[in-house]
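Remarks on the overall topology
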Amino acid sequence: MPTSTSLFISASIKSDLLKGNQVTRFVIVLLDLSRITIKKFFKKNVSFGVYVTIYYWTIYVLLFIDEEMIYDKNAKPSLSSLLRSLVPGDGTNLKRISVSRENILEDSIIHFKKHDYNCSYQVRVRFEGEPAIDAGGPRREYFTMLLKSLVSCKSSIRLFEGKEGRLLPMKNTDALRGQLFKIAGRMISTSIVNGGPGFPCLSPPVYEYLVKGFTEELVSIINKDVIFDIDASQAIDKIDHANAETINSIAIETQHLLVEAGFPHTLTIENKMQAIACMYLHHVITVRKSEIDQLATGLGQLLTLARKYPDLLSPLFVHSDDGADTMTPDAFMAIVKIDGVSPRVVDYFTQYVHDE
């Protein structure tokens, strides 16, 4: 029969394990079943030594059990946990960047265009002429300035166009040849991985295409507000308001635009909504597809996660009209990078953020 000490130790082990995850709780169940079975068949209590032996053999057996049999397959991870999976771990994958504040985009392109660049680099930034040691502050300031320069109308390199928070990659053959959209994708991905800002600037249809490709839902979220071609916008408006008396004249007037958009049919009242959908898709996605696809290449592993969890990562790419109401505790913690702080302080801070 186990001594009182061994019983106490056994109870302590069980108590600690029960505080763990699903795997450890599963271990406890197996242990108790094993002890009950042995006691039943051998008609005697199990010593603490045998109990511990059973414990380690159970752990050994669990090494051969597929974790998916134990974990909930439908459980969704948090945004913060997904981003942590991309964060550089031991600091060995370090990238030092030296840039001028006055030419931050041009200087950065030199670093991000290298063939072997990896978006999981842990970046350390030094601004030229400034002796600051990067403990996190300069890095976040750098990425904030860099991503702002990507969308600035004053920038010497224009890659995006449209309304603020509803941007589209610009049709730019020179930038395409120079792989600048791929470089922009690397900048965005590296910023997010390193605890910098996201890029909630894209038009929703662009994000939809990035994560899902051409879908029926894609057309449904495009509207005239993201059409920047004046002739196309006016044509869409005329087609939308066409009636039986005006449809023939409008068909003749807009025929060249419809053919260009991939709608070779004669415009009628019955198919006018299909014609509008074709024009939407053409002017928002198809005409700039090469630029969007190159941007996707630069986003790398971050886009892979977004394709798996599109709704969860959407706030990193698409601005929400709901403003601050969309900021959740998990979303906030995902953009906070904490370095050199004790786990106890981190736990207190995390609990504070999640308190209602």
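Cut-off values and rules
- Residues numbered from 1 in each chain as written.
- Predicted model: local features only at pLDDT ≥ 70, side-chain atom pairs only at ≥ 80, totals over all residues.
- Heavy atoms only, no water.
- Helix = DSSP H or I, 4+ residues; strand = E, 2+ residues; numbered from the N terminus.
- Buried < 20%, exposed > 50% of the residue type's maximum accessible area, 1.4 Å probe, protein only.
- Contact = heavy atoms within 4.5 Å.
- Areas by Shrake-Rupley, 256 points an atom, 1.4 Å probe, with all protein chains shown as cover.
- Core = buried A, V, L, I, M, F, W, Y, C linked by side-chain atoms within 4.5 Å.
- Salt bridge = Lys/Arg side-chain N within 4 Å of Asp/Glu carboxyl O.
- Patch = residues over 30% accessible without salt bridge, like charges linked within 9 Å, V, L, I, M, F, W, Y side chains within 5 Å.
- Pairing = 2+ DSSP bridges.
- Right-handed = clockwise from strand over helix to strand, strands pointing away.
- pLDDT = per-residue confidence, 0-100.
- Lys, Arg positive; Asp, Glu negative; His and termini not counted.
- Phe/Tyr/Trp six-rings, centres within 6.5 Å; stacked < 30°, edge-to-face > 60°.
- Lys NZ or Arg CZ within 6 Å of the ring centre and 35° of its normal.
- Expected span 1.5 Å × (residues − 1).

Helix and strand counts for the protein come out as 18 helices and 4 strands. For the protein, the proportion of its 356 residues judged to be buried stands at 39%. A separation threshold of at least 6 residues defines the contact pool for the protein, and within that pool the share at least 24 residues apart is 68%. Surface summary for the protein: the accessible area is close to 20,700 Å², and the carbon and sulfur share equals 56%.

Moving on, we get to unusual backbone geometry. With glycine set apart, most residues show a phi of negative sign, and most peptide bonds adopt trans. In this structure, Gln-179 is a non-glycine residue whose phi angle is positive, near 60 degrees. Relative to the assigned elements, Gln-179 resides in the loop between α7 (173-177) and α8 (180-193).

So, about the nonpolar core. Counting 79 residues, the largest nonpolar core has Tyr-142 and Leu-313 as its most contacted members. Ranked by the residues each element gives to this core, the list is headed by α8, at 8 residues. The residues touching Tyr-142, leaving out its near neighbours within four places in the chain, are Ile-97, Val-99, Ile-104, Ser-108, Phe-112, Val-125 and Phe-127.

When the charged atoms of two side chains lie near each other, side chains of opposite charge can form a pair. Tallying each qualifying case throughout the model produces 9 salt bridges. In this structure, Lys-289 and Asp-293 form a salt bridge, with 2.7 Å as the shortest nitrogen-oxygen distance. Of this pair, Lys-289 and Asp-293 are both found in helix α14 (residues 289-299), 4 residues apart, which corresponds to roughly one turn of the helix. A residue is classified by how much of its surface remains accessible, and Lys-289, at 31% relative accessible area, is partly exposed.

Burial within helix α9 (residues 204-212) is extensive, with 7 of its 9 residues counted as buried. Within the span of α9, buried status applies to Pro-205, Val-206, Tyr-207, Glu-208, Tyr-209, Leu-210 and Val-211. Contact partners of the buried residues in α9: β4 (166-169), α10 (216-220), α13 (272-284), α14, α15 (301-308) and α16 (310-313). One or two positions beyond α9, positive phi appears at Gly-213, with a value near 75 degrees.

Here the focus is a nonpolar patch on the surface. A surface patch of nonpolar side chains, about 520 Å² in accessible area, is lined by Phe-332, Ile-338, Val-341, Val-345, Phe-349 and Tyr-352. Counting residues per element, the nonpolar patch draws most heavily on helix α18 (residues 343-354), at 3 residues. Relative to the elements of secondary structure, Ile-338 occurs in the loop between α17 (329-334) and α18.

Now for the pairing of strand β2 (residues 122-127). Remark: a regular strand shows side chains that alternate across the two faces of the sheet. Summarising the sheet, strand β1 (residues 94-99) and β2 pair through 6 bridges and their orientation is parallel. The partner of Lys-95 across the bridge, within β2, is Val-123. In this region the chain leaves β1, passes through helix α5 (residues 104-112) and returns to the parallel neighbour β2; the handedness of that crossover is right-handed.

Here the focus is the confidence of the model for the protein. Mean pLDDT for the protein: 79, with 72% of residues reaching 70 or above. Within the protein, helix α1 (residues 4-18) has the poorest average pLDDT of any element, 42, and α14 the best, 96. Within the model, pLDDT remains below 50 along residues 1-21, and this stretch shows 23 contacts once partners closer than five positions in the same chain are excluded. Note on residues 66-71: pLDDT is under 50 here. Beyond four places in sequence and across chains, it has 9 contacts.

Our focus in this paragraph is the side chain of Lys-272. For Lys-272, the position within the fold is in helix α13. Despite its burial, Lys-272 remains without a salt bridge, the nearest opposite charge being carried by Asp-240 at 5.0 Å. Discounting chain neighbours no more than four positions away, the residues touching Lys-272 are Ile-239, Asp-240, His-241, Ala-242 and Leu-267.

As a further point, take the packing of aromatic side chains. Scanning all chains against the criterion turns up 5 aromatic pairs. Seen in terms of ring centroids, Phe-112 and Tyr-117 are 4.9 Å apart; in terms of plane orientation they differ by 45 degrees. Their pairing is tilted. Of the two residues, Phe-112 and Tyr-117, both sit in the buried class. The ring of Phe-127 is capped by Arg-101, whose NZ or CZ atom sits 4.0 Å from the centre of that ring.

As for its position among the elements, Asp-237 is in helix α11 (residues 230-240). Between the C-alpha atoms of Asp-237 and Ile-276, which are 39 residues apart in sequence, the distance is 9.0 Å.

As a further point, take the pairing of strand β3 (residues 160-163). In this sheet, β4 lies alongside β3 in antiparallel orientation, the contact comprising 4 bridges. Bridge pairing in β4 links Gly-162 to Leu-167. Hairpin geometry of β3 and β4 is characterised by an intervening segment of 2 residues between the two adjacent antiparallel strands and by a positive phi of about 80 degrees at Gly-165.

With 14 residues, α8 should reach 20 Å at 1.5 Å per residue; the first-to-last C-alpha distance of 20 Å fits that figure. Burial runs high along α8: 13 of the 14 residues are buried. Gly-195 sits one or two residues past α8 and shows a positive phi near 80 degrees.

Here we come to the side chain of Glu-291. Counting through the fold element by element, Glu-291 comes out in helix α14. Once residues lying within four places of it in the same chain are set aside, the contact partners of Glu-291 are Pro-169, Met-170, Lys-171, Asn-172, Leu-176 and Phe-181.

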